[in-house]
Amino acid sequence: MRQQILVIDDDEKITSLLRRSLAFEGFAVHTANGGYEGLRILIDLEPDLVILDIMMPGIDGWEVCRRIREAGSSVPILMLTAKDDVRDRVKGLDLGADDYLVKPFALEELLARVRALLRRSTEMKEAPDHKLIFEDLTMDLDTREVFRDGKRIDLTTKEFELLHLFLQNPKRVLSRDIIMEKIWGYDYSGESNVLEVYIALLRQKTEEHGGNRMIQTVRGAGYVLRGEN
């Protein structure tokens, strides 16, 4: 069965381009020209991935993303933004988006990101039923719940995947290149700070109740999950 992709964008040129290009790649493509319509289609369709524009009439992409996550859906969301601003990127990631792409974009890059997000989503769905535990941090791969010292931590899909990688490799230093390949599935290029943004978000959430820093920076080498030195 073909994977289903929902494109929510009020720009007919972009939706037409993505409809043709994604269909050529073998995906079943559905489009919506606004946030309300996109949410209605999403409920009935339950797509494998959503490509979501930010600037739309009615309700914008921020609100659509927020409602999708509040409804409990973990569908991968690729946000499209016309603003190359770090604050916009952080806002989208914090609301639960998995990736972002600045307009105008190269079609080849968008397709690469779509494939990477779908691949990671499939791998997580097929993960075995067990728990990963490191000190007071527990991840249940079946329920996709994370707890630290008994307190639940709400994570976005991408934050969950990143923490999952660290929990699979406790006390092992993971280079930036390895993390990018494992989580995003392709080279983001050196100028992107998406990993640093996610590390900061993950630290904030795992340390929210006063716990010690577990995701530590190893200068010049990468990041590592370990307890107090």
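Here, the structure is the one placed above.
A brief report on the enclosed structure follows. Worth saying up front: this structure is predicted, and the values here are computed from it rather than measured.

### Looking at the pattern of salt bridges
Argument step 1. With the rule as written, the count across this model stands at 17 salt bridges.
Argument step 2. In this structure, Glu161 and Lys158 form a salt bridge, with 3.2 Å as the shortest nitrogen-oxygen distance. Taken together, the residues Glu161 and Lys158, both in helix H6 (residues 157-168) and 3 residues apart, mark about one turn of the helix. Here the two residues Glu161 and Lys158 agree in accessibility, since each one is buried.
Argument step 3. Among the ionic contacts, a cluster of salt bridges with common partners joins Glu63, Arg66, Arg67 and Glu70.

### As for the nonpolar core
Argument step 1. The biggest cluster of nonpolar side chains holds 49 residues, and the ones touching the most others in it are Leu52, Ile77, Met79, Leu162, Phe166 and Ile179.
Argument step 2. If you tally residues by element for this core, the top one is helix H8 (residues 194-206), at 7 residues.
Argument step 3. By size, the runner-up hydrophobic cluster in this structure holds 18 residues, among which are Ile5, Ile14, Leu22 and Phe105.

### Thoughts on the sheet that holds strand S8 (residues 145-148)
Argument step 1. Strand order across the open sheet formed by 4 strands is S6-S7-S8-S9, with antiparallel pairing between neighbours. The outermost strands of the open sheet, each flanked by one partner alone, are strand S6 (131-134) and strand S9 (151-153). Taking each pair of neighbouring strands and ignoring which way they run, the sheet shows an average axis angle of 25 degrees.
Argument step 2. Two strands pair when backbone bridges link them, and strand S7 (residues 137-140) and S8 are joined in this way by 4 bridges, in the antiparallel orientation. Opposite Asp140, over in S8, you have Glu145 as the bridge partner.
Argument step 3. The sheet strands contacting H6 are S6, S7 and S8, and the helix crosses S7 at an angle near 115 degrees.

### Notes on H6
Argument step 1. Compared with the 16 Å implied by 1.5 Å per residue over 12 residues, the 16 Å span of H6 between its first and last C-alpha is a close match.
Argument step 2. Residues of H6 that are buried: Thr157, Lys158, Glu159, Phe160, Glu161, Leu162, Leu163, His164, Leu165, Phe166 and Leu167.

### Examining helix H1 (residues 12-24)
Because each turn of an α-helix spans 3.6 residues, side chains separated by three or four positions end up pointing in the same direction.
Argument step 1. The end-to-end C-alpha distance of H1, which contains 13 residues, comes to 18 Å, matching closely the 18 Å that a straight helix rising 1.5 Å per residue would cover.
Argument step 2. Within H1 the residues assigned to the buried category are Ile14, Thr15, Ser16, Leu18, Ser21 and Leu22.
Argument step 3. Of the residues that open H1, the one with a side-chain oxygen 3.0 Å from the backbone nitrogen of Lys13 is Asp11.
Argument step 4. A positive phi of about 100 degrees marks Gly26, the residue just after H1.

### What to know about the sheet that holds strand S1 (residues 4-8)
Argument step 1. Read across the sheet, 5 strands follow the order S2-S1-S3-S4-S5 without closing on themselves; strand pairing throughout is parallel. Every interior strand has two partners, whereas the edge strands, strand S2 (28-32) and strand S5 (99-102), have only one. Pairs of neighbouring strands in the sheet enclose a mean axial angle of 20 degrees, with direction left out of account.
Argument step 2. Where S1 lies against S2, 5 bridges are found, and the strand directions are parallel. In the sheet register, Leu6 faces S2, and the bridge partner there is His30.

### Concerning the side chain of Asp9
Argument step 1. Relative to the assigned elements, Asp9 resides in the loop between S1 and H1.
Argument step 2. With a relative accessible area of 2%, Asp9 lands in the buried category.
Argument step 3. Of note is the side chain of Asp9, whose polar atom sits 3.2 Å from the side chain of Lys103.
Argument step 4. Other than its neighbours up to four places away in sequence, Asp9 contacts Ile14, Thr15, Ala32, Asn33, Asp53, Met56, Leu80 and Lys103.

### Focus on the environment of Ile153
Argument step 1. Tracing the sequence through the fold places Ile153 in strand S9.
Argument step 2. The exposure class assigned to Ile153 is buried, which follows from its relative accessible area of 7%.
Argument step 3. Taking C-alpha positions, Ile153 is 26 Å from Pro47, a pair spaced 106 residues apart along the chain.
Argument step 4. Residues contacting Ile153, with those up to four places away along its chain left out, are Leu137, Val146, Phe147, Arg148, Lys205 and Thr206.

Criteria and thresholds
- Residues numbered from 1 in each chain as written.
- Predicted model: local features only at pLDDT ≥ 70, side-chain atom pairs only at ≥ 80, totals over all residues.
- Heavy atoms only, no water.
- Salt bridge = Lys/Arg side-chain N within 4 Å of Asp/Glu carboxyl O.
- Helix = DSSP H or I, 4+ residues; strand = E, 2+ residues; numbered from the N terminus.
- Buried < 20%, exposed > 50% of the residue type's maximum accessible area, 1.4 Å probe, protein only.
- Core = buried A, V, L, I, M, F, W, Y, C linked by side-chain atoms within 4.5 Å.
- Pairing = 2+ DSSP bridges.
- Axes fitted to C-alpha atoms, helices over the stretch in contact; angles between N-to-C directions.
- Contact = heavy atoms within 4.5 Å.
- Expected span 1.5 Å × (residues − 1).
- Polar contact = N/O pair within 3.5 Å; in protein donor to acceptor, adjacent residues only side chain to side chain.

Function cannot be read off these values alone, since they describe shape.
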